[in-house]
Amino acid sequence: MKDIVKEFSGVRALDGVSLDVTRGEVHGICGENGAGKSTLMKVLSGVYPHGHFDGEIEFDGKPATFGSINDSEASGIVIIHQELALSPYLSIAENIFLGNERATRGIVDWHETNLQAKTLLDRVGLKDKVTTPVLQLGVGKQQLVEIAKALSKDVKLLILDEPTAALNDEDSAHLLNLIRGLRDEGITSIIISHKLAEIRAISDRITVIRDGHTVDDFTMKDKDNSESRLIKSMVGRPLDNLFPPRTKNIGEEIFRVENWNAYHPVDTGRKVVNDASFFVRAGEIVGFAGLMGAGRTELAMSIFGRQYGTKITGTLYRNGEKIQARTVQEAISNGLAYVTEDRKRYGLNLITSIAANVTGANLNDVSSMGVIDLHKEVEVAEEYRTALNIKTDAVTRFVGTLSGGNQQKVVLAKWLNTTPDVLILDEPTRGVDVGAKYEIYGIINDLAAQGKAIVVISSELPELLGLSDRIYTISEGRITGDVPREEATQEQLMKLMTVGEN
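Residues numbered from 1 in each chain as written. Predicted model: local features only at pLDDT ≥ 70, side-chain atom pairs only at ≥ 80, totals over all residues. Heavy atoms only, no water.

Another point: the layout of surface pockets. Roughly 860 Å³ of volume is contained in the second largest pocket. If you list the elements that add at least two residues to the lining of the second largest pocket, you get α6 (169-184), α7 (196-202), α8 (227-235), α15 (434-449), α16 (461-467) and α17 (490-497). Looking at side-chain class alone, the lining of the second largest pocket contains 17 nonpolar, 9 polar and 13 charged residues. (1 Å grid on protein atoms, 1.4 Å probe; cavity = no way out; pocket = protein on both sides within 12 Å on 5 of 7 lines; lining within 4 Å. Points joined across faces, edges and corners; volume = space filled by probe spheres on them. Helix = DSSP H or I, 4+ residues; strand = E, 2+ residues; numbered from the N terminus. Nonpolar A, V, L, I, M, F, W, Y, C, P; charged D, E, K, R; others polar.)

Written out as structure tokens, the structure reads:
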């Protein structure tokens, strides 16, 4: 790709970006949210067709003028987007060959479909039956189905956009090993990722994009291939400390949960949260560590308005007094706020304005007699835009147009606008680049300095160790440890996270 320029409404998302990828290599692409990484891959794969951008693309020694994604796939380029494109109610086999059916004279040959699907599943290391509906699979297995689907199209260049963003460590390791295996078979891969350790571990070469420009390109054989070089290239400055400095001022206990239990909403005989008790004090940041499926999110959602689970029992205390949080409104009125791990599905309305999202959890503040004061709505949103450094030219923009880091700031603004005492942050930096992470960490520290009680749920142990004053560990729905930060190590936390694991 040479001198690629792509504009949206006069704004240059790509401004002369060049990229070359060698056959059979794994090529990493890094950059902050909004740097242009995904846009560049959409240009390459025909999502943005030839003629809708400037610059030249050459693939396999020939000029590439793809008019659609079908054209690029016919040439052997397959892109797997961060938002997986699978039909949940179709089987694995049906998804693999959707649009590429094994058919004779318009009639699907199901025997051949399932047989070829089984061969592809063996190749990617997925042991589930090919007739299993995709909705029954976890995100890690769904990623493998996407790769099997790509392999069914005789892929030469596989593009993966944030492939491990929603995966646990085990699934991530399996996926990266699979990509290494594909490299050994001669398949070229391009990987976009915010996980710098992973991108350095898997890539043969890395290209860094910043503000629509190519700013760095190096191989892992280079002497200076350090993570600090990568960070400096991405954000334009060194982040000597990945976590901003913080002066602790921890006060009295604000929130306590005692003997909390919740059962699965469908399999009502299965206890998902098992007699959990914990507390958090004013100005304190308390982390929650656990493997995927351990019950962290289920615990948070069952506390906040009983959004998850059945047969929920236990007691909640705020400032020493018993409270109820049986509905979301009741939880909000009692000073609780919950920032969901899935901002696009549960945290935001992507097709409404930033202002509407910021005020959405506290409409009484911007309305009179049931009518929203649009001027006041914009005023409130502008205050949070400034306070949280949300990068946008107007709060009337649709929130779906923002980068992931700025979307996350909008979610934080929405809940801060309810003036909570207790903030539960579930994966607050998921899918967010290193620069935006630093800003969000600073916001969390500021909230703690204001005397808020903060609970942070994270799959990244270094994040919990860098942020938290204390860390609870959870395994199979039970809290298995309460470790002061000064005594915590990754090894110790992992041991407590796997207590009772088979």
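For the rest of this paragraph, the subject is unusual backbone geometry. Even without a glycine there, the phi angle at D154 is positive, about 55 degrees. Relative to the helices and strands, D154 is located in the loop between α5 (139-151) and β10 (157-161). Overall, D154 belongs to the exposed group, its relative accessible area being 62%. Phi is positive for M369, which is not a glycine, with a value near 55 degrees. Inspection of the secondary structure puts M369 in the loop between β20 (367-368) and β21 (371-372). (Buried < 20%, exposed > 50% of the residue type's maximum accessible area, 1.4 Å probe, protein only.)

Moving on, we come to the packing of α5 against α6. Geometry of a packed helix pair, given as the angle between the helix axes and the separation of the axes. At a minimum axis distance of 10 Å, the contact between α5 and α6 shows a crossing angle of 15 degrees. The pairing of α5 with α6 is recorded here as roughly parallel in orientation. Judged by the twist between their axes, the crossing of α5 over α6 is right-handed. Taking contact as the criterion, the partners of G140, L144, I147 and L151 in α5 are, on α6, D171, H174, L175, L178 and L182. (Axes fitted to C-alpha atoms, helices over the stretch in contact; angles between N-to-C directions. Parallel < 35°, antiparallel > 145°, perpendicular 65-115°, else oblique. Left-handed = near helix turned anticlockwise from the far one by under 90°. Contact = heavy atoms within 4.5 Å.)

On to the packing of helix α14 (residues 404-416) against α15. Interhelical geometry of α14 versus α15 gives an angle of 15 degrees and a closest axis separation of 10 Å. In terms of their interaxial angle, α14 and α15 are classed as roughly parallel. Here α14 runs over α15; the crossing is right-handed. Residues G405, Q408, K409, L412 and L416 of α14 pack against A436, E439, I440, I443 and L447 of α15. The residue makeup of the contact of α14 with α15, split by class, is 6 nonpolar, 2 polar and 2 charged.

Let us look at α14. The α-helix advances 3.6 residues per turn, and as a result positions three or four apart in sequence lie on the same side. Compared with an ideal rise of 1.5 Å per residue, which puts 13 residues at 18 Å, α14 spans 18 Å between its outermost C-alpha atoms and is within 8% of the ideal. In terms of burial, α14 is a largely internal element, 13 of the 13 residues being buried. (Expected span 1.5 Å × (residues − 1).)

A word on a nonpolar patch on the surface. Judged by side-chain polarity, L363, I372 and L374 come together as a nonpolar surface patch covering roughly 260 Å² of accessible area. Accessibility expressed as a relative area gives 58% for L374, which makes it exposed. (Patch = residues over 30% accessible without salt bridge, like charges linked within 9 Å, V, L, I, M, F, W, Y side chains within 5 Å. Areas by Shrake-Rupley, 256 points an atom, 1.4 Å probe, with all protein chains shown as cover. Salt bridge = Lys/Arg side-chain N within 4 Å of Asp/Glu carboxyl O.)

So, about the side chain of E330. Turning to its location among the elements, E330 is positioned in helix α10 (residues 328-333). Non-local contacts of E330, meaning those with residues more than four positions away in its chain, are made with Q324 and A325.

Taken together, 6 strands build an open sheet; the order of strands is β7-β10-β11-β3-β12-β13 and the sheet is mixed. Looking along the sheet, the strands with just one partner apiece sit at the ends: β7 (77-80) and β13 (213-219). When the angles between neighbouring strand axes are averaged without regard to direction, this sheet yields 15 degrees. Pairing geometry for strand β3 (residues 26-30) and strand β11 (residues 188-192), over 4 bridges, is parallel. Within β11, the residue paired with I29 across the bridge is I192. Of the strands in this sheet, β3, β7, β10, β11 and β12 (205-210) touch helix α1 (residues 37-44), which is tilted by about 150 degrees from β11. (Pairing = 2+ DSSP bridges.)

What follows covers the pattern of salt bridges. Tallied over the entire structure, the rule returns 31 salt bridges. Note that D122 and K118 form a salt bridge whose closest N and O atoms lie 2.9 Å from each other. In this pair, D122 and K118 both sit in helix α4 (residues 110-124), 4 residues apart, roughly one turn of the helix. A salt bridge links R270 to D267; the nearest nitrogen and oxygen atoms lie 3.7 Å apart. It is possible to trace a salt-bridge network through shared partners that takes in D20, E25, R205 and D217.

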